Amino acid sequence: MLIVPEREIADLMTREAAFEAVEKVFAAMASGDARNFPVVREAIGHEDALYGFKGGFDRAGLALGLKAGGYWPNNLDKRGLINHQSTVFLFDPDTGKVRAMVGGNLLTALRTAAASSVSIKHLARDDAKVLGMIGAGHQATFQLRAALEQRKFEKVIGWNYHPDMLPNIEKVAVEAGLPFEAVELDRMGEADVIVSITSAFSPSLMAGHVCEGTHIACMGTDTKGKQEVEAVLLKRARVFTDEVAQSVSIGEAQHAVAEGLIAEGDITPIGAVINGTHPGRTSDKDITLFDGTGVGLQDLAVAAAVVDLAVEKGIAIEVDF
Ligand code: NAD
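Every chain's residues receive numbers from 1 upward, in the order its sequence appears when written. In view of the model being predicted, local features appear only for residues whose pLDDT reaches at least 70, and side-chain atom pairs are presented and counted only at 80 or more, with totals across whole chains, interfaces and linings using the full set of residues. Think of the side-chain values as coming from all heavy atoms in the structure, minus any hydrogens and water.

Peer 1: I keep staring at the nonpolar core and nothing clicks. Help me out?
Peer 2: Across soluble globular proteins, you tend to see nonpolar side chains buried next to one another. We call a set of buried residues a nonpolar core when its members are Ala, Val, Leu, Ile, Met, Phe, Trp, Tyr or Cys and they connect through side-chain atoms within 4.5 Å of each other. Only protein chains enter the accessibility calculation, which uses a 1.4 Å probe; a residue whose area is less than 20% of its type maximum is buried, one above 50% is exposed, and one in between is partly exposed. Membership of the largest hydrophobic core comes to 69 residues, with the highest contact counts inside it found for Met13, Phe26, Val102, Leu144 and Val195. For the purposes of this entry, the term helix denotes a DSSP run of H or I that reaches at least four residues, the term strand denotes a run of E that reaches at least two, and both are numbered from the N terminus. Element by element, the count of residues in this core is highest for helix H11 (residues 296-312), at 11 residues. A domain-level breakdown of this core finds at least three residues from each of domain 1 (2-108 + 297-318) and domain 2 (126-293). Should any heavy atoms of two residues lie within 4.5 Å, those residues are counted as being in contact. The residues contacting Met13, other than those within four sequence positions of it, are Ala18, Leu107, Leu110, Val302, Ala305, Val306 and Leu309. Within the second largest apolar cluster, 28 residues are counted, among which are Ile134, Ile216, Ala237 and Ile287. Segmentation into domains, and thus their bounds, comes from an automatic or database assignment.

Peer 1: Would you mind going over the site of the ligand with me for this structure?
Peer 2: Inspection of the region around the ligand gives 23 residues, with Arg111, His138, Asn160, His162 and Lys226 positioned closest. The term polar contact refers here to a pair of N or O atoms within 3.5 Å; inside protein, the definition further demands a hydrogen-donor-capable atom paired with an acceptor-capable atom, and it admits residues adjacent in sequence only when both atoms are side-chain atoms. At a separation of 2.7 Å, an oxygen atom of the ligand approaches a polar side-chain atom of Asn160. In the model, an oxygen atom of the ligand is placed 3.1 Å from a nitrogen or oxygen of the Gly220 main chain. Against a free-state accessible area of 860 Å², the protein chains account for coverage of 84% of the ligand. Contributing elements (two or more residues each) for the shell around the ligand: helix H4 (105-123) and helix H5 (138-148). In this count, Pro and Cys sit with the nonpolar residues alongside Ala, Val, Leu, Ile, Met, Phe, Trp and Tyr, while Asp, Glu, Lys and Arg are called charged and the others, Gly among them, polar. Its residues assigned to classes, the shell around the ligand shows six nonpolar, 14 polar and three charged. Near, as used in this document, describes a residue that has one of its heavy atoms within 4 Å of the molecule or strand being considered. Calculation of accessible area relied on Shrake-Rupley with a 1.4 Å probe; when residues are assessed, cover is drawn exclusively from the protein chains displayed.

Peer 1: Can you walk me through H4 in this structure?
Peer 2: Three- or four-residue spacings in an α-helix give side chains the same orientation, since the helix completes a turn every 3.6 residues. With 19 residues, H4 should cover 27 Å at 1.5 Å per step; its first-to-last C-alpha distance of 28 Å lies within 8% of that length. Among the 19 residues in H4, 16 count as buried, and that is most of the element. Expected span, for any helix, means 1.5 Å times one less than how many residues it has.

Peer 1: What is the right way to look at the sheet that holds strand E8 (residues 130-134) in this model?
Peer 2: Paired through backbone hydrogen bonds, the strands of a sheet run either parallel or antiparallel to each other. For two strands to pair, DSSP has to find at least two bridges joining them. Across the sheet, eight strands lie side by side as E10-E9-E8-E11-E13-E17-E15-E16; this open sheet has parallel pairing. Pairing within the sheet leaves two strands with one partner each, and these edge strands are strand E10 (180-182) and strand E16 (267-269). Averaged over all pairs of adjacent strands, the angle between strand axes in this sheet comes to 20°, irrespective of strand direction. The pairing of strand E9 (residues 155-159) with E10 spans three bridges and is parallel. Bridge pairing in E10 places Ile157 opposite Glu181. Helix axes use the C-alpha atoms of the stretch in contact, all axes being lines fitted to C-alpha atoms, and the angles between their N-to-C directions lie in the range 0 to 180 degrees. Of the strands in this sheet, strand E11 (193-196), strand E13 (215-218), strand E15 (238-241) and strand E17 (288-291) are in contact with H4, which crosses E13 at around 160°.

Peer 1: Please clarify how the packing of aromatic side chains should be interpreted in this entry.
Peer 2: For any pair of aromatic rings, the description rests on two quantities: the centre-to-centre distance and the angle between the ring planes. The rule is short: rings of Phe, Tyr and Trp, with Trp giving its six-membered ring, pair when the centres are within 6.5 Å, and they are stacked under 30 degrees, edge-to-face over 60, tilted in between. A complete count under the given rule lists three aromatic pairs for this structure. Aromatic pair Phe26 and Phe290: ring centres 6.4 Å apart, planes at 55°, arrangement tilted. In this pair, Phe26 sits in helix H2 (residues 15-30) while Phe290 sits in strand E17, placing the two residues 264 residues apart along the sequence. What makes Phe290 buried here is its relative accessible area of 0%.

Peer 1: So what exactly am I meant to see when it comes to the confidence of the model for the protein here?
Peer 2: Interpreting fine coordinate detail is not advised for predicted regions of low pLDDT. Per-residue confidence from the predictor is reported as pLDDT, a score between 0 and 100. Overall, the prediction assigns the protein a mean pLDDT of 97, with 100% of residues at 70 or greater. Here the prediction assigns the complex a pTM of 0.97, and the interface score ipTM is 0.99.

Peer 1: So what exactly am I meant to see when it comes to the domain arrangement of the protein here?
Peer 2: The parts lose accessible area when they come together, and the size of an interface is often stated as this lost area. Domain boundaries assigned for the protein yield domain 1 (2-108 + 297-318) and domain 2 (126-293). Just the C-alpha atoms count here: the centres of domain 1 and domain 2 sit 24 Å apart. Taken together, the contacts link 15 residues of domain 1 with 16 residues of domain 2. Here, a salt bridge means any Lys or Arg side-chain nitrogen found within 4 Å of an Asp or Glu carboxyl oxygen. The tally of links from domain 1 across to domain 2 stands at one salt bridge. For Arg15, the salt bridge goes to Glu149, with nearest N and O atoms at 2.7 Å. At the junction of domain 1 and domain 2, the tally comes to three residue pairs in polar contact (both at pLDDT 80 or more). Elements represented by at least two residues in the side of domain 1 that touches domain 2 include exactly H2 and H4. Of all the elements, H2 adds the most residues to the side of domain 1 that touches domain 2, at eight residues. Counted by class, the side of domain 1 that touches domain 2 contains seven nonpolar, four polar and four charged residues.

Encoded structure:
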């Protein structure tokens, strides 16, 4: 078995490699070559932790496995560890033998940022100039870096529920050589692309805040009850997702579907756009919305890529198992 420890991931994995892996696996999901298995997520009754598994099999990329982990809210204060902890296990699809164990913390941020970046590539207007960020926490910096690579953005505007966190994303914009302006939500209409990555349970971005032609990547809603944007915005938009089953149950679309504003059939897997079987955006006036719920196959795809890189560079630790 090969081990790629968490400490090695930052030097091995690039945003480009994560993007390529995620774009490929979204395409494989839409063509029926890759399938996510039902997610398990349980409160374990210890340390207030939420623990679970996200797994699947990609027949095209031959990645079989799962990500195990979750959220330990007391880690940072009690132990100086990050609250989200995860590990990816890959198995040989020919034999069932375990192939690799890979640190999953940084990979989760990279694969999540890659997902919204893939959506921007395929759905945003080519002439997008202003990027709007909603959220300024841990994931937001990764999201911003990846988003900036997809279009020739000239400015970043940002809003956060906790304004004192905005310097986190301002720093990334400035590093990229772009001006940053903190704005109220009613100025999000100036953005051509909006990335939302918060842990909110009620909407921040309202339908009236968004102009025609905008692409919105809703990346924070990955659990029943969470919500980042007003449900009626999904009725105004063309809605895309990583996986429809998750979008309607734990994603941003759960609310619009529950309120009868849209139906499951109105939501298109982004892989169909990547594969060219769905046109995606059809005019410069469309509002496109990507509901990024986060699937296990994304984790397996980036973990498989990092194992290949680790083997290539002689960094993978081999153990007899
Ligand atoms: P974080 O705790 O570092 O940041 C949370 C962010 O949400 C901050 O910007 C905070 O100000 C904001 N926020 C908190 N309460 C809010 C409220 N009531 N209204 C509006 N904003 C509020 O968390 P993070 O690690 O950056 O994760 C952000 C979200 O992304 C979480 O919900 C997490 O579960 C989700 N996530 C999704 C995926 C995916 O694949 N879609 C992957 C990883 C994380």
